[in-house]
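Summary of structural features
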Amino acid sequence: MHTYPGVRAVHKGPAPGTVRDAFRIRRMPLQWFRGIGSAVAAGVPTLIGALTGHLDYGLCASIGGFAFLYVGSETYRQRAIKLACVALGLSLTFGLGSLSAATPWLMVLLFGLIGALAVFGFGAFQMAGPSAMFFILTFSVGTSLPYDLNALPLRTLLVLTGGAFAWMVGMSGWLLRPHGPETKAVAGAYRSLAAFVDAIGTDLYPEKRYQAAVQLRAADAAVSGGELRWRRNYGPTLRLMALTRKANEMFMAAVEISLDRQAAKVPEGTAASLLSIADRLQHPQQEMLQPKAAADIPNGHVRRMSGLLNEAAAICLGEDAGRGTAEEVTLPPSFSLRRLLSGALNPHSALLHTSLRYGIMIAVAAAVAYSLDLNRSYWVPLSCTAVMLGTTVLGTAHRAIQRTAGTVVGLLLGAFILSLRPEGIYIALIMAVLQFIIELIYLRNYALAVIFITPSSLLIAESSHPDMAVSFFISARLTDILIGSAIGIIGMLLLWRRASSSKLPRALAGVIRMEGKLLESILSSSPSSRVTTWTNELETSLIRLRLLYDGALAESVGRRNQASSWWPALDAVQHIGYALITAAGNAQRHAAPDEASDCSLFFEQMAQAAERQLTPKPANIPALSSIPVLQHELAGLHEALQIRDRTAQPPAIKSS
């Protein structure tokens with residue numbers, strides 16, 4: 001393959017996952033709030049039931065306590081709505097499970113329908129959390145109870161009451177830190193920005209740039225989703241909005257520095273100053289490291305970066321300069337069901353296939369379990385649900401290995417706990433402790449969490465049926481988990497296995513066309529509203545494209561080389577995209593209408609080559625006198641798209 005003079009070397013792509021990653025302990029902070037909150041949400045209802053002599057009522061209400069597990073990084077305004085909907089959904093699925101318990105074919109149908117709808121809903125609303133997991137669990141518990149229509153209203157009301165209590169636990173942080181989630185999101189953006197700045201000039205650059213872009217979008221969403229919707233002049237949120245705006249500007253300045261071959265690296269201490277701002281946000285009493293003055297820095301891009309850092313530090317310290325007013329705040333559009341569904345059903349999105357696969361395989365798992373008349377049959381579709389949260393073949397294999405290994409160890413712990421014959425309040429206390437440990441370590445490694453999930457499940461099952469032997473539940477648990485995990489893996493192998501990789505060429509072509517549209521808008525001096533629209537859409541599409549690539553990379557160990565062959569093109573497209581987003585910030589400076597038509601033709605040729613998976617024909621790189629750095633980036637794109645034929649003729653680069 002030809003290498004063209006002046007073309008930037010391709011950065012190293014993300015490392016593909018391996019099976020041994022299933023046992024890797026992630027370096028993540030312990031989830032203290034989730035651990036304590038989940039223990040309270042699940043343990044208190046059980047404790048009240050035990051103290052009043054109705055342990056069965058307490059266990060039923062604790063099912064609604066699973067609503068707390070859907071607490072994420074959203075603002076309290078968003079959390080209030082989210083947890084209320086989850087609590088209602090859990091009580092509804094529990095009621096449906098109780099109603100269908102006497103009709104196996106209806107249970108099978110509802111298992112699949114609830115799983116598919118939950119996965120699609122969480123994906124469409126882009127909500128973090130355990131997705132369909134606890135809706136399937138709640139439905140399963142409903143099917144396992146003795147069929148009694150007279151008891152149905154009370155049981156469902158108990159679940160709803162437990163969900164309401166979980167809502168209060170989830171919202172309790174508002175009393176102490178009403179802006180905690182927004183502040184945490186903005187602090188996270190500054191930390192990711194520090195890592196991105198440190199990675200300039202290294203192979204980690206594209207990965208850290210992607211992570212910073214994701215964190216900045218999360219900060220934007222968190223701050224704009226708070227009080228500014230109805231309190232336009234609210235000072236604390238305006239301060240966070242101003243800091244988020246400065247973080248976005250510094251991100252673009254860092255991109256400019258990475259593209260400017262004459263620029264030195266960012267000033268020494270920049271990353272440390274960014275981390276100091278993040279620490280100060282979350283710990284206001286902490287001293288903040290003052291950044292260096294920008295006046296004596298010769299390079300314009302580096303000087304701009306340093307100036308923005310000083311402004312961000314001033315805002316963080318409470319100074320008014322640069323904070324802005326409510327009139328300057330641009331909020332994202334209000335909720336639109338049509339826009340939400342159009343994004344979820346986007347041809348480049350794998351959400352529809354993921355949802356259908358999820359629903360079909362959970363229904364299959366339920367059908368197998370009930371047709372074989374297995375003990376505790378509902379554990380089979382529940383295990384299938386758990387392992388398929390991996391979403392790819394490799395991810396599902398990880399979850400299956402983790403769930404099986406964790407269950408084997410957990411059964412030993414469960415047998416020991418049940419041998420103590422706990423009763424009443426001791427059951428409530430043990431469940432609370434187990435739930436605390438589960439959520440504390442869940443994100444570090446799923447296998448470790450399953451060790452404590454297993455005895456918790458056995459304790460609930462044994463408490464509901466004290467007349468059955470402990471060995472009965474242990475053998476049933478192991479058998480059902482092995483069957484459910486196997487069905488989940490088979491489903492990933494058979495249904496839409498290549499959903500991500502098959503969409504990758506078209507998605508790449510779509511982003512290339514979008515970049516062409518944005519560049520045309522910049523060069524032709526289009527209205528600022530149009531430039532802003534294309535910029536926002538391109539930012540979203542670049543993140544979606546990277547997610548799609550990551551999914552393709554994890555689809556199959558055997559096809560990994562085929563997926564990774566797209567990395568050079570994706571790397572080039574990402575570089576061009578962020579360069580254009582940076583240029584769009586000062587579009588008037590780059591106006592050059594005469595060059596717009598040549599650019600449109602070039603981008604369309606590259607898009608067709610990507611879509612058809614063919615080597616692009618020799619092309620003339622447009623002369624970009626107003627954005628000269630893009631010429632070599634466009635040549636790099638032409639080179640990167642030579643996936644089929646690495647001996648293509650190099651393009652000619654027009655002189656300015």
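These numbers come from a predicted model, not from an experiment.

Turning our eyes to something else, we now look at the overall build of the chain. Within the chain, the secondary structure is distributed over 24 helices and two strands. For the chain, long-range pairs separated by at least 24 residues make up 80% of all intrachain contacts whose partners lie at least 6 apart in sequence. Accessible surface for the chain amounts to roughly 28700 Å². Of this, 61% is attributable to carbon and sulfur atoms.

A cluster of nonpolar residues, Leu30, Trp32, Ile36 and Val40, forms a patch on the protein surface that exposes about 350 Å² of accessible area. Note on placement: Leu30 falls in the segment before helix H1 (32–51). Looking at Leu30, the relative accessible area reads 31%, which means it is partly exposed.

Two elements in contact, helix H8 (residues 205–224) and helix H9 (residues 235–259), have axes separated by 10 Å at closest approach and are oriented at 160°. Taken together, the axis directions place H8 and H9 in an arrangement best described as roughly antiparallel. In the packing of H8 onto H9, the handedness of the crossing is left-handed. When H8 is examined against H9, the residues Tyr205, Arg209, Ala212, Ala213, Leu216, Ala219, Asp220, Val223 and Ser224 are found in contact with a partner set consisting of Thr237, Leu240, Met241, Thr244, Ala247, Asn248, Phe251, Val255 and Ser258. Taken together, the residues of the contact of H8 with H9 break down into 11 nonpolar, five polar and two charged.

Glancing now at the packing of aromatic side chains. Summed over the entire model, instances satisfying the criterion amount to 15 aromatic pairs. Their ring planes at 45° and their centres at 6.1 Å tell us that Trp32 and Phe436 sit as a pair that is tilted. Linking Trp32 in helix H1 with Phe436 in helix H16 (residues 425–441), this pair joins segments that are 404 residues apart in sequence. With a centroid separation of 5.6 Å and an interplanar angle of 55°, the aromatic rings of Phe33 and Phe68 are classed as tilted. Note that Phe33 is positioned in helix H1 and Phe68 in the loop between helix H2 (55–64) and helix H3 (76–100), a separation of 35 residues in sequence.

On to the nonpolar core, then. One broad trend across soluble globular proteins is that nonpolar side chains are buried collectively. Residues Tyr190, Met250, Phe251, Leu508, Ile512 and Leu519 are the most contacted members of the largest nonpolar core, which totals 94 residues. Sort the elements by how many residues they give to this core and H9 lands first, with 13 residues. Once you skip the residues sitting within four places of it in the chain, Met250 turns out to touch Tyr190, Leu193, Leu274, Met305, Leu308, Leu309 and Ala312.

Before going further, it helps to examine helix H22 (residues 567–584). End to end, H22 covers 25 Å across 18 residues, agreeing with the expected 26 Å (1.5 Å per residue, within 8%). With respect to burial, H22 is a largely interior element, 17 of its 18 residues being buried.

It is worth spelling out unusual backbone geometry at this point. Even without being a glycine, Arg421 presents a positive backbone phi close to 55°. Take Arg421: its relative accessible area is 52%, and that puts it in the exposed class. A positive phi angle is found at Gln613, which is not glycine, with a value near 55°. As for its placement among the helices and strands, Gln613 is situated in the loop between helix H23 (596–612) and strand E1 (620–621).

Residue position: Ser528 is located in helix H20 (residues 528–553). Look at Ser528 and you get exposed, because its relative accessible area is 58%. Separated by 56 residues in sequence, Ser528 and Ala584 have C-alpha atoms that sit 9.0 Å apart.

This next bit is on the environment of Ile451. Mapped onto the fold, Ile451 is located in helix H17 (residues 446–464). Given the relative accessible area of 17%, Ile451 is considered buried. Residues Ile451 and Gly406 lie 45 residues apart in sequence; the distance between their C-alpha atoms is 4.6 Å. The residues contacting Ile451, other than those within four sequence positions of it, are Gly406, Val409, Gly410 and Leu413.

Rules used in this analysis
- Residues numbered from 1 in each chain as written.
- Predicted model: local features only at pLDDT ≥ 70, side-chain atom pairs only at ≥ 80, totals over all residues.
- Heavy atoms only, no water.
- Helix = DSSP H or I, 4+ residues; strand = E, 2+ residues; numbered from the N terminus.
- Contact = heavy atoms within 4.5 Å.
- Areas by Shrake-Rupley, 256 points an atom, 1.4 Å probe, with all protein chains shown as cover.
- Patch = residues over 30% accessible without salt bridge, like charges linked within 9 Å, V, L, I, M, F, W, Y side chains within 5 Å.
- Salt bridge = Lys/Arg side-chain N within 4 Å of Asp/Glu carboxyl O.
- Buried < 20%, exposed > 50% of the residue type's maximum accessible area, 1.4 Å probe, protein only.
- Axes fitted to C-alpha atoms, helices over the stretch in contact; angles between N-to-C directions.
- Parallel < 35°, antiparallel > 145°, perpendicular 65-115°, else oblique.
- Left-handed = near helix turned anticlockwise from the far one by under 90°.
- Nonpolar A, V, L, I, M, F, W, Y, C, P; charged D, E, K, R; others polar.
- Phe/Tyr/Trp six-rings, centres within 6.5 Å; stacked < 30°, edge-to-face > 60°.
- Core = buried A, V, L, I, M, F, W, Y, C linked by side-chain atoms within 4.5 Å.
- Expected span 1.5 Å × (residues − 1).

So yeah, pure geometry; function would need other evidence.
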